[in-house]
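Letter by letter, the chains look like this.
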Amino acid sequence: MVHHVIFPEVLRRVTGMDDDVVDLHEAVEDGSLAEVVELAGCVADVDAEFEGRSALWVAVYEERHDVARALVAAGADPWRPMMSGWSPGRLSLAGPDPDLFEWPAGARGPAELSEDEAALVAEADRLTAVLGGVEHDGFSVACVAGIDAAEAVRRLEATVEVIDPEEFLDEIDPFAEESMRFVGVTDVPGGCVVSQPWGYVPAAPDAMRRLSTGTVCSAMYANPKSGDQGRVARDGEIVDWRLRPGGEPWEEDGPQEVLLSYLYQGNAVAYCCAYVGLRVADERAVIGPPDVWLCLPERDHWT
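So, here's what we can say about the structure. (Residues numbered from 1 in each chain as written. Predicted model: local features only at pLDDT ≥ 70, side-chain atom pairs only at ≥ 80, totals over all residues. Heavy atoms only, no water.)

### Concerning the overall build of the protein chain
Moving on, step 1. Looking only at helices and strands, the protein chain features 14 helices and 8 strands.
Moving on, step 2. Its C-alpha atoms give the protein chain principal-axis dimensions of roughly 65 × 40 × 30 Å.
Moving on, step 3. Residues counted as buried form 54% of the 303 residues belonging to the protein chain.
Moving on, step 4. Intrachain contacts of the protein chain at a sequence separation of at least 6 include 67% that bridge at least 24 residues.
Moving on, step 5. Of the roughly 13,900 Å² of accessible surface on the protein chain, 51% is carried by carbon and sulfur atoms.
Moving on, step 6. Each charge class in the protein chain can be summarised by its mean position, and for the 22 positive and 57 negative side chains these summaries are 5 Å apart. (Helix = DSSP H or I, 4+ residues; strand = E, 2+ residues; numbered from the N terminus. Buried < 20%, exposed > 50% of the residue type's maximum accessible area, 1.4 Å probe, protein only. Contact = heavy atoms within 4.5 Å. Areas by Shrake-Rupley, 256 points an atom, 1.4 Å probe, with all protein chains shown as cover. Lys, Arg positive; Asp, Glu negative; His and termini not counted. Charge placed at Lys NZ, Arg CZ, Asp CG, Glu CD.)

### A look at the pairing of strand S1 (residues 140-145)
Moving on, step 1. Along S1, 6 of the 6 residues are buried, which leaves the element largely enclosed by surrounding structure.
Moving on, step 2. Taking every second residue as pointing to the same face, both faces of S1 are buried, with Ser140, Ala142 and Val144 on one and Val141, Cys143 and Ala145 on the other.
Moving on, step 3. Here S1 pairs with strand S5 (residues 216-223) via 5 bridges, running antiparallel. The residue bridging Cys143 from the neighbouring strand is Ser218, located in S5. (Pairing = 2+ DSSP bridges.)

Structure (structure tokens):
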């Protein structure tokens, strides 16, 4: 699981939250069941929210189902609206225990997953199994919907390199500036993946703007110093650059982002693929060898 670090003294000072509420949210993430039960009996409102979510919502997100049941027994409401329509109860329908909570009278229809949401949940199991083993630092990928490798070559104004893949990787210096001109591209169902095993270029603004013209591109860079960094571009414009692919959702995230954050915790690459609807069949599109290697012209990747 990907945990959100809560510093109690900061929460109390910035949000004015009651000490017991802060302690409850902390205990739901990392404490024992006994601690949660005790704290749930002390708070004035067991459904008090922090960053748009209740303690029960956090318990569902962290898949601590024993804790979730204890909070409901203490009066927490599984169907309380929050997080762009994803109440704790509705979020549980996308997880391993869809029967975690009882349905309130008349709520089943509106709360059930849509066909599109159910399809995202079904695909998450497959995609996680395919890409769950990708654990590298310093690489980047750009997942592009609706275009193939040939179109990516054209948009990037790149030259296809006819090379021996093993010899090329043996000779490449990942720390040399010249190496940043080389990226791989691979066709996958639904679009293509542009990758670079040693750098950030596919996730830099220039490449994303070019690749996303008329479509959508979700990219991430596994920064060795600061962790996974994500961006989304639509039709040539960067529309979101504060993403934490594979991390917890923001309070202001839309319904799809909240669901994908839950389904792909700790799996940034799978999150990016799912965001644009790519059905990647294996790790090759990410870790290589790609269908083709490209050489980009010299340009400012950040302009």
